[in-house]
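An overview of the molecular structure
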Amino acid sequence: MKLRIEISDDRSDDTPDEVIIRCKSITDEVRRLQNAFNSALKGSELALTSGNTEYFIPVNDILFFETDGTSGGGHVSAHTKDSMYYSELKLYELEAMLPGYFARISKSCIVNSSKIVSLGRNVTGTAEALFAGTSKKVYVSRMYYKVLKNLIYETRLSKPSH
């Protein structure tokens, strides 16, 4: 394994830095690197608002982001176990800057896959994702279900049972 760092002069100041791991398969070594990287990012915080107050919320405390779906992108809310805040960022902007354990699960929702405790499927093909210690839940569209499930398996020690 080798490490290569490239510094690019053609990136704008608002483009987030990106770390890419190229591999033939997800080995234990790659998984350890991914977990170490995700752990390093868990200390980051987002500025979110509630009423007239701005809060600095650790990214790892956020269960999911959702938009109300109104025209023009709507308002993006960030949900923690006990609270709801608002972000001035659009959903696509959050998606580009959040750590790899966050995943888009529908047109209007991004979820913290590390906080999901169960995925239940229904006859229509959508799934319901539940979180520990709260009654909050989100619905995963059919198009994103397999991607989310794979991400959960890749970022946790559990292996899929076939």
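Please refer to the structure higher up on the page.
Since this is a predicted model, take the numbers as computed values, not measurements.

A tally of regular secondary structure across the protein gives three helices and 10 strands. The helix and strand sequence of the protein, counted from the amino end, reads α-β-β-β-β-β-α-β-β-β-β-β-α. Looking at the 162 residues of the protein, the share that counts as buried comes to 31%. Considering only contacts in the protein between residues 6 or more positions apart, those separated by 24 or more positions represent 45%.

Turning to the nonpolar core, a few remarks are in order. Of all hydrophobic cores here, the largest spans 16 residues; its most connected members are Val111, Val138 and Leu148. Only strand E3 (62-67), strand E6 (102-106), strand E7 (109-112), strand E9 (127-131), strand E10 (137-140) and helix H3 (142-155) provide two or more residues apiece to this core. For this core, the element with the most residues is H3, which contributes four residues. Non-local contacts of Val138, meaning those with residues more than four positions away in its chain, are made with Phe64, Ile105, Cys109, Val111, Ala127, Glu128, Ala129 and Phe131. Counting residues in hydrophobic clusters, the runner-up holds 15 residues, among them Val59, Ile62, Leu91 and Phe102.

Take the pattern of salt bridges next. For the structure shown, the criterion picks out two salt bridges. Between Arg104 and Glu95 there is a salt bridge, and its shortest N-O distance comes to 2.9 Å. On the basis of relative accessible area, Arg104 is assigned to the buried category, the value being 14%. A salt bridge links Glu128 to Lys137; its shortest N-O distance comes to 3.3 Å. Among the residues examined, Glu128 registers a relative accessible area of 25% and is labelled partly exposed.

Definitions and limits used
- Residues numbered from 1 in each chain as written.
- Predicted model: local features only at pLDDT ≥ 70, side-chain atom pairs only at ≥ 80, totals over all residues.
- Heavy atoms only, no water.
- Helix = DSSP H or I, 4+ residues; strand = E, 2+ residues; numbered from the N terminus.
- Buried < 20%, exposed > 50% of the residue type's maximum accessible area, 1.4 Å probe, protein only.
- Contact = heavy atoms within 4.5 Å.
- Core = buried A, V, L, I, M, F, W, Y, C linked by side-chain atoms within 4.5 Å.
- Salt bridge = Lys/Arg side-chain N within 4 Å of Asp/Glu carboxyl O.

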